[in-house]
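Residue-level structure breakdown
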Amino acid sequence: MADVLFTNVRIFDGGGEAPFTGDVLVQGNKISRVVKTGYGMRSPPVQGAQVIDGAGAFLMPGMVEAHTHFSWNDQPSLDAIQRMPPEEHILWCAEVAKRYLDMGWTSCVGAAAAKPRLDVVTRNAINDGTIVGPRYLAASQEITVPGGLGDSTQPHLPQPEFAFGAIVSGGEEMRRCVRMFAKYGVDSIKINLSGESITGMSSEMSQFTSEEIRVCVEESKAWGKRVAAHARSTWSVKECVRQGIEVIYHASFCDEEALDMLEAKKLEHFVAPGLAWLINTVHNASEWGLTPDVVKKMGYPRELDAAIESMRALRKRGVRILPGGDYGFAWTPHGTNAKDLEYFVKHVGMSTMEALLSATAWGGPMMRMGKVLGYIREGYLADILLIDGDPLADITVLQDKARILAVMKDGEFHRAPPVRAARATRWAA
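Computed from a predicted structure; not experimentally measured.

**A word on the overall build of the chain**
- Summing up its helical and strand segments, the chain has 14 helices and 20 strands in all.
- Taken over the C-alpha trace, the chain has a radius of gyration of 22 Å; the compact-globule value for 429 residues is 22 Å, and the two agree within 12%.
- Based on the C-alpha atoms only, the size of the chain along its principal axes is roughly 70 × 45 × 40 Å.
- Out of the 429 residues in the chain, the part that is buried amounts to 59%.
- Across the chain, contacts joining residues at least 24 apart in sequence account for 69% of those joining residues at least 6 apart.
- Just so you have it, the chain exposes about 16600 Å², and 52% of that area is on carbon and sulfur atoms.

What follows is the structure, encoded as structure tokens:
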């Protein structure tokens with residue numbers, strides 16, 4: 001692992017201040033020096049280091065995706081995702097993991113797996129170098145109840161192994177399920193607290209009892225596992241706060257009480273609304289049968305309006321809203337994830353600075369690595385992007401792979417900068 005010195009770059013360090021011209025030295029897997037430069041001044045060379053002259057390019061922390069489904073296979077239905085044979089499915093996950101890193105997502109938080117161990121196996125293979133991908137927190141399957149979101153069993157095939165989710169009924173079945181996923185080695189337990197209109201169960205419906213949720217949280221914490229919830233309905237959002245569920249996915253329908261509850265505990269929760277799913281289901285899914293009339297009958301235009309209103313209100317109250325848009329369906333394909341940052345600016349009212357912070361500085365604590373990840377600062381892990389363009393002026397540049405000149409994860413280049421763009425040289429030892 002060679003030392004690398006980035007010079008002549010505009011540094012966005014994740015602290016919320018305007019970028020500054022400077023140099024960044026990476027030694028091993030950490031950032032060892034950040035120096036402001038200007039007026040022709042540069043920091044001294046480092047013997048043996050590879051020097052990357054950024055020629056004024058934008059240098060920023062690697063991005064963190066908070067709602068990731070590597071095993072969603074860009075298909076239009078849950079059945080098409082779950083029924084992919086396991087051999088092909090793990091190969092798919094490996095390819096998608098690389099795609100995320102290609103696009104500058106150096107860390108990802110799993111939000112559910114299509115099969116019990118897909119996330120765990122993918123995470124382990126990334127960690128031991130078998131495959132290439134971001135840092136990854138592995139999730140369980142979605143836990144559901146009979147007839148709930150994720151119960152895709154047919155009457156003639158009642159066995160749970162044919163379901164998209166893990167099906168439980170009652171506290172003791174929930175306890176057994178959580179223990180099973182803990183045995184498999186997941187980092188987080190995913191529970192479907194509300195419906196999803198496309199499956200026939202309204203997004204405003206909730207499917208668990210408070211007691212079942214309590215057991216899930218209690219048992220997960222006993223095993224040192226985080227809990228994340230699919231929570232679109234008002235009741236489910238409130239239940240997340242009441243029961244201490246840290247990660248809230250969607251939170252579309254927030255009444256005033258729910259907003260107050262989240263604000264009161266805003267440092268204890270993360271919200272990843274998944275706006276990409278709603279926006280593209282409403283506007284860009286006709287090719288797959290989700291015409292404007294169909295999605296209107298399902299209630300998605302109404303939910304999209306409610307979700308935007310809820311996110312605007314949560315932003316004003318200081319609740320952390322992170323990117324992660326349920327990518328991996330046919331109309332939200334993997335690799336387009338940076339659209340979330342555009343949606344945050346366009347629909348939620350974030351500044352481009354806030355949008356970048358949501359994907360960098362706020363991603364550190366989302367990964368449970370808040371003291372070492374998400375900033376360009378001395379002592380932090382060297383997850384670094386070099387960008388051709390200024391995301392603060394045009395947030396959409398992060399959607400263009402060609403504009404992402406370099407991706408570094410953990411001090412090593414996944415994609416090194418092209419010589420003509422960055423004029424890489426090496427100091428003699």
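Let us keep going from here.
**Notes on the sheet that holds strand β7 (residues 105–110)**
- Across the sheet, three strands lie side by side as β6-β7-β8; this open sheet has parallel pairing. Looking at the sheet topology across the chains shown, the edges are occupied by β6 (63–68) and β8 (135–137). Averaged over all adjacent pairs, the angle separating strand axes in this sheet is 15°, with direction ignored.
- In this structure, β7 lies alongside β8, joined through three bridges in parallel fashion. Opposite Ser107, over in β8, you have Arg135 as the bridge partner.

**Observations regarding helix α6 (residues 234–243)**
- Of all 10 residues making up α6, seven are buried, and the element is well covered by its neighbours.
- Along α6, the residues classified as buried are Ser236, Val237, Lys238, Glu239, Cys240, Val241 and Gln243.

**Details of the sheet that holds strand β15 (residues 247–250)**
- Across the sheet, six strands lie side by side as β10-β9-β11-β14-β15-β16; this open sheet has parallel pairing. Since the sheet does not close on itself, it has two edges, and those belong to β10 (166–167) and β16 (270–272), each with one partner.
- Across five bridges, strand β11 (residues 188–192) lies against strand β14 (residues 226–231) in parallel orientation. Directly across from Ile189, in β14, lies its bridge partner Val227.
- Most of the contacts of helix α4 (residues 171–184) go to strand β9 (residues 139–144), to which it runs at about 165°, and overall it touches β9, β10 and β11.

**Considering the environment of Leu137**
- Secondary-structure assignment places Leu137 in strand β8.
- A relative accessible area of 18% places Leu137 in the buried class.
- Setting aside chain neighbours within four positions, we find Leu137 in contact with Cys108, Val109, Gly110, Asp119, Asp187, Arg226, Met366 and Met367.

**Description of the pairing of β6**
- Counting buried residues along β6, six of its six residues qualify, which places the element largely inside the surrounding structure.
- As paired elements, β6 and β7 share four bridges and run parallel to each other. Bridging from a neighbouring strand, Met63 pairs with Trp105 of β7.

**Description of the packing of helix α11 (residues 339–348) against helix α12 (residues 352–359)**
- Running from N to C, α11 and α12 point in directions that differ by 140°, and their axes come no closer than 9 Å. Judged by the angle between their axes, α11 and α12 are oblique. In this structure, the crossing between α11 and α12 has a hand that is right-handed. Within the contact between the two elements, α11 uses Leu341, Phe344 and Val345 and α12 uses Thr352, Ala355, Ser358 and Ala359.
- Of the residues assigned to the contact of α11 with α12, the class counts are five nonpolar, two polar and no charged.

**Section: the layout of surface pockets**
- Taken as a whole, the largest pocket spans an internal volume of roughly 440 Å³.
- Lining the largest pocket are 29 residues; nearest its centre among them are Leu78, Leu149, Glu196, Ile198 and Thr199.

**Description of the pattern of salt bridges**
- By the definition in use, this model includes 28 salt bridges.
- For Glu218, the salt bridge goes to Arg175, with nearest N and O atoms at 3.1 Å. Remark: Arg175 occurs in helix α4 and Glu218 occurs in helix α5 (residues 210–222); sequence separation between them is 43 residues.
- According to the relative accessible area criterion, Arg175 is buried, its value standing at 14%.
- Residue Arg226 pairs with Glu246 through a salt bridge whose shortest N-O separation is 2.9 Å. Taken together, the residues Arg226 in strand β14 and Glu246 in the loop between α6 and β15 connect sequence positions 20 residues apart.
- On the basis of relative accessible area, Arg226 is assigned to the buried category, the value being 5%.
- Each of the salt bridges in this network shares a partner with another, and the network as a whole consists of Glu172, Arg175, Arg179, Glu211, Arg214, Glu218 and Glu219.

**Remarks on the side chain of Glu142**
- Along the polypeptide, Glu142 turns up in strand β9.
- For Glu142, a relative accessible area of 7% gives the class buried.
- Residues in contact with Glu142, not counting those within four places in the same chain, are Trp72, Ala112, Ala113, Phe164, Gly165, Ala166, Lys190 and Asn192.

**With respect to unusual backbone geometry**
- For Asp74, which is not a glycine, the phi torsion comes out positive at approximately 55°.
- Along the chain, Asp74 turns up in the loop between β6 and α1 (78–82).
- Phi at Ala112 takes a positive value of approximately 160°, unusual for a residue other than glycine.
- Mapped onto the fold, Ala112 is located in the loop between β7 and α3 (118–127).
- The class for Ala112 is buried, based on a relative accessible area of 0%.

Definitions and cut-offs
Residues numbered from 1 in each chain as written. Predicted model: local features only at pLDDT ≥ 70, side-chain atom pairs only at ≥ 80, totals over all residues. Heavy atoms only, no water. Helix = DSSP H or I, 4+ residues; strand = E, 2+ residues; numbered from the N terminus. Rg over C-alpha atoms; globule rule 2.2 N^0.38 Å. Buried < 20%, exposed > 50% of the residue type's maximum accessible area, 1.4 Å probe, protein only. Contact = heavy atoms within 4.5 Å. Areas by Shrake-Rupley, 256 points an atom, 1.4 Å probe, with all protein chains shown as cover. Pairing = 2+ DSSP bridges. Axes fitted to C-alpha atoms, helices over the stretch in contact; angles between N-to-C directions. Parallel < 35°, antiparallel > 145°, perpendicular 65-115°, else oblique. Left-handed = near helix turned anticlockwise from the far one by under 90°. Nonpolar A, V, L, I, M, F, W, Y, C, P; charged D, E, K, R; others polar. 1 Å grid on protein atoms, 1.4 Å probe; cavity = no way out; pocket = protein on both sides within 12 Å on 5 of 7 lines; lining within 4 Å. Points joined across faces, edges and corners; volume = space filled by probe spheres on them. Salt bridge = Lys/Arg side-chain N within 4 Å of Asp/Glu carboxyl O.

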